[in-house]
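Examining the three-dimensional arrangement
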Amino acid sequence: MESKVFDFIAREQARQDRNIELIASENFVSENVLRAVGSILTNKYSEGYPVERTSGSRGRYYGGCEVVNELEEYCCDQWRRVFKTDYHVNVQPHSGSQANMAAYLSVLKPGDRILSMSLSNGGHLTHGSPVNFSGKLFELHFYGVDANGFIDMADVRAKALEVRPNLILAGASAYSRIIDFAAFAEIAKEVGAYFMVDMAHIAGLIAAGDHPSPFGLADLITTTTHKTLRGARGGLIFCRPELAKKVDSAVFPGTQGGPLQHVIAGKAVAAEEALTEEYQEYIHQVVKNCRAMCEEFLRMGYKVVTGGTDNHLFLLDITDTGLTGKAVQDELDLHGITLNKNTVPGETRSPQLTSGVRIGTAAMTTKGYREAEFIAVARKIDAVIKEMQAKK
Ligand SMILES: *Cc1c(COP(=O)(O)O)cnc(C)c1O
């Protein structure tokens, strides 16, 4: 039978081939990841866990799981190798948001207090936005960034002492600098809070040694697998071995039903790839490209939040141009450049408009871009912005 769906896929493929992709959370997966995710593994029900890795749980709730049991164990082992850790890992979360939900519920009760980075300063929706389950289920308190856009560790400590949170969360969706996990861990210890890291954006950098690792410092670590890790869309939760049972039951039966074994297969392929020399080189290049592009914007007189970048993304503060992030995003779309509007620290406009744009280099580095190409794209963006200003 013919399906209309393949027309959509072909058109989306053409769009992805044609456009310059600068959305910091996106990437292009390998053929092997696609093969795994598109496989017959989608047919299998496997609620529960492979028996061997569950301390006392009842294993799977369905028969016929002998192959997927091995697959899931293999996936877990590969991810532990990627992050050189003996933490427990749960590879079943359907997404980063699901991973965060289960991670919170593994150690918190509704109404407990979480201290996290505010959304307007670079945090994620699942870090306590009032429109998200996190903000509805828990009592959220936020730390912010200083006048230069850096995480204000003095503010983190002051808020922690004041609020006495049950859990302190580090990690962000729009933060371009190294996060000092050791300093966070110390504060969490001081106030007796669990310490959780959401490394969704920077996980690839951590895997390649381009960002300090939270392993050994955090009690819980969540990530997506589809951003800098360049794998199948999904989530992972790592935890100290003593929290394994709590985390596993928070994922299933706590917040999910049957795991997506085809996606777990895609995650396993991504882990194998992340262990290669080639991937490490790729991540080093992502960081070099980001620095080169960011420096070109600074050279052209643009304002960058924190004045630079240490990772795969940076935030252009376009307040001075008189243009909104939304207008620039829309105009760049017409020029085949895809990025997203983003709030900047001390934002004066609504989240629908914003005064900034977020730029990331992970996706186009996968397509082979190096410093020269990213500098050329920076100049093209500058030309579009100048044109928009001239028309105003
Ligand atoms: C992307 C992201 C998530 C959520 O991932 P989804 O798979 O989109 O649910 C969670 N936390 C952070 C910090 C992120 O950047």
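Nothing here was measured: the structure is a model prediction, and the numbers come from that model.

1. Topic: the pairing of strand β7 (residues 220-224)
- Of all five residues in β7, five are buried, a share of seventy percent or more.
- Burial along β7 is two-sided: the residues L220, T222 and T224 and I221 and T223 are all buried.
- Here five bridges tie β7 to strand β8 (residues 235-239), and the two strands are oriented antiparallel to one another. Opposite I221, over in β8, you have F238 as the bridge partner.

2. Some details on the site of the ligand
- Surveying the vicinity of the ligand reveals 14 residues, the closest of which are G96, S97, S173, D198 and K227.
- Contacts to the ligand include G96, whose backbone N or O atom sits 2.9 Å from an oxygen atom.
- Within the side chain of S173, a nitrogen or oxygen atom sits 2.8 Å from an oxygen atom of the ligand.
- Coverage of the ligand by the protein chains reaches 87% of its 380 Å² of free accessible surface.
- By residue number, the principal contributor to the shell around the ligand is helix α4 (residues 96-107), which donates three residues.

3. Overview of the packing of aromatic side chains
- Evaluated as defined, the whole model comprises 15 aromatic pairs.
- Between F83 and F215, the ring centres sit 5.3 Å apart and the planes meet at 25 degrees, which makes this aromatic pair stacked. Highlighted residues: F83 in the loop between α3 (66-82) and β2 (88-90) and F215 in the loop between α8 (203-207) and β7, separated in sequence by 132 residues. In terms of burial, F83 and F215 fall into one category: buried.
- Their ring planes at 80 degrees and their centres at 5.4 Å tell us that F83 and F238 sit as a pair that is edge-to-face. With F83 in the loop between α3 and β2 and F238 in strand β8, the pair connects residues that are 155 residues apart, well separated along the chain. Both residues of the pair, F83 and F238, belong to the buried class.

4. Topic: the side chain of R358
- Structurally, the position occupied by R358 is in strand β13 (residues 356-360).
- There is no salt bridge for the buried R358, and the closest opposite charge comes from E26, which lies 7.6 Å off by N-O distance.
- In terms of polar contacts, R358 uses its side chain to reach the side chain of S25, at 3.3 Å.
- Look past the residues within four positions of R358 in its chain and what remains in contact with it is L22, I23, A24, S25, S173, A174, H201, F314, L315, L339, N340 and N342.

5. Comments concerning unusual backbone geometry
- Cis geometry is found at the peptide bond from F252 to P253, where omega equals 10 degrees.
- Phi at T306 takes a positive value of approximately 70 degrees, unusual for a residue other than glycine.
- Residue T306 is classed as buried on the basis of its relative accessible area of 11%.
- Backbone geometry at T354 places phi at a positive 65 degrees, although glycine is not the residue there.

6. Some details on the domain arrangement of the chain
- Split by domain assignment, the chain resolves into domain 1 (31-274) and domain 2 (277-391).
- Inter-centroid distance (C-alpha atoms) of domain 1 to domain 2 is 27 Å.
- Every contact between the two is made by 25 residues of domain 1 and, on the other side, 24 residues of domain 2.
- With both sides pooled, the region where domain 1 packs onto domain 2 buries about 2100 Å², and carbon together with sulfur makes up 53% of that total.
- When the buried surface of domain 1 facing domain 2 is broken down by residue, S176, R177 and R230 rank first, second and third, together holding 29% of it.
- The interface formed by domain 1 and domain 2 holds one salt bridge in total.
- Between R177 and D310 there is a salt bridge, and its shortest N-O distance comes to 3.0 Å.
- At the surface where domain 1 touches domain 2, the tally comes to 17 residue pairs in polar contact (both at pLDDT 80 or more).
- Along the lines of polarity and charge, the residues of the side of domain 1 that touches domain 2 split into twelve nonpolar, nine polar and four charged.

7. Some words on the sheet that holds strand β3 (residues 113-117)
- Pairing in this open sheet of seven strands is mixed, and the strands run β2-β8-β7-β6-β5-β3-β4 from one edge to the other. Two strands bound the open sheet, and with one partner strand each, they are β2 and β4 (139-143). On average, adjacent strands in this sheet sit at an angle of 20 degrees to one another, irrespective of strand direction.

8. Brief notes about the packing of helix α11 (residues 277-299) against helix α14 (residues 371-391)
- Running from N to C, α11 and α14 point in directions that differ by 35 degrees, and their axes come no closer than 8 Å. Note that α11 runs across α14; the crossing there is right-handed. Residue-level inspection shows Q285, K288, N289, A292, M293, E296, F297 and R299 of α11 in contact with α14, the latter providing E371, F374, I375, V377, A378, R379 and I381.
- Of the residues assigned to the contact of α11 with α14, the class counts are eight nonpolar, two polar and five charged.

9. Here's the deal with the side chain of S176
- By the element assignment, S176 lies in the loop between β5 (167-170) and α7 (181-191).
- For S176, a relative accessible area of 4% puts it in the buried group.
- Among the polar contacts made by the side chain of S176, one reaches the side chain of T306 at a distance of 3.4 Å.
- At 3.2 Å, the side chain of S176 forms a polar contact with the backbone oxygen of G308.
- Setting aside residues up to four positions removed in sequence, S176 forms contacts with V305, T306, G308, T309, D310, N311, L313 and F314.

Conventions adopted
Going along each chain's sequence as written, the residues are numbered from 1 onward. Confidence filtering applies because this is a predicted model: local features only for residues at pLDDT of at least 70, side-chain atom pairs given and counted only at 80 or more, and all residues used for totals across whole chains, interfaces and linings. Working from all heavy atoms in the structure, the side-chain values ignore hydrogens and water. Whether a residue is buried, partly exposed or exposed follows from its accessible area with a 1.4 Å probe, protein chains only, as a fraction of its type maximum: under 20%, in between, or over 50%, in that order. For helices the rule is a DSSP run of H or I covering at least 4 residues; for strands it is a run of E covering at least 2, with both sets numbered from the N terminus onward. Here, any two strands with at least 2 DSSP bridges between them count as paired. Any residue with a non-hydrogen atom lying within 4 Å of a molecule or strand is treated as near it. Residues adjacent in sequence count toward polar contacts only when both atoms are side-chain atoms; beyond that, a polar contact is any pair of N or O atoms within 3.5 Å, and within protein one must be able to donate a hydrogen and the other to accept it. Here the accessible surface of atoms and residues is derived via Shrake-Rupley with a 1.4 Å probe, and residues count as covered only by protein chains that are part of the display. Each aromatic pair joins two rings of Phe, Tyr and Trp (for Trp, the six-membered one) with centres within 6.5 Å, and gets the label stacked for planes under 30 degrees apart, edge-to-face for over 60, and tilted for any other angle. For the purpose of counting charges, residues Lys and Arg are taken to be positive, whereas Asp and Glu are taken to be negative. His and the chain ends are not included. A side-chain nitrogen of Lys or Arg and a carboxyl oxygen of Asp or Glu constitute a salt bridge if their distance falls within 4 Å. Contact between two residues is taken to exist if any of their heavy atoms lie within 4.5 Å; hydrogens are not considered. Where each domain begins and ends is defined by an automated method or by a domain database. We define buried area as the total accessible area lost by two parts upon association, computed with a 1.4 Å probe and summed across both. Three classes are used, and their members are as follows: Ala, Val, Leu, Ile, Met, Phe, Trp, Tyr, Cys and Pro are nonpolar, Asp, Glu, Lys and Arg are charged, and the others, Gly among them, are polar. Every axis corresponds to a line fitted to the C-alpha atoms, with the helix fit spanning only the stretch in contact, and the corresponding angles, defined between N-to-C directions, vary from 0 to 180 degrees. Definitions for this section: a left-handed crossing has its near helix turned counterclockwise from the far helix by less than a right angle. A right-handed crossing has that turn clockwise.

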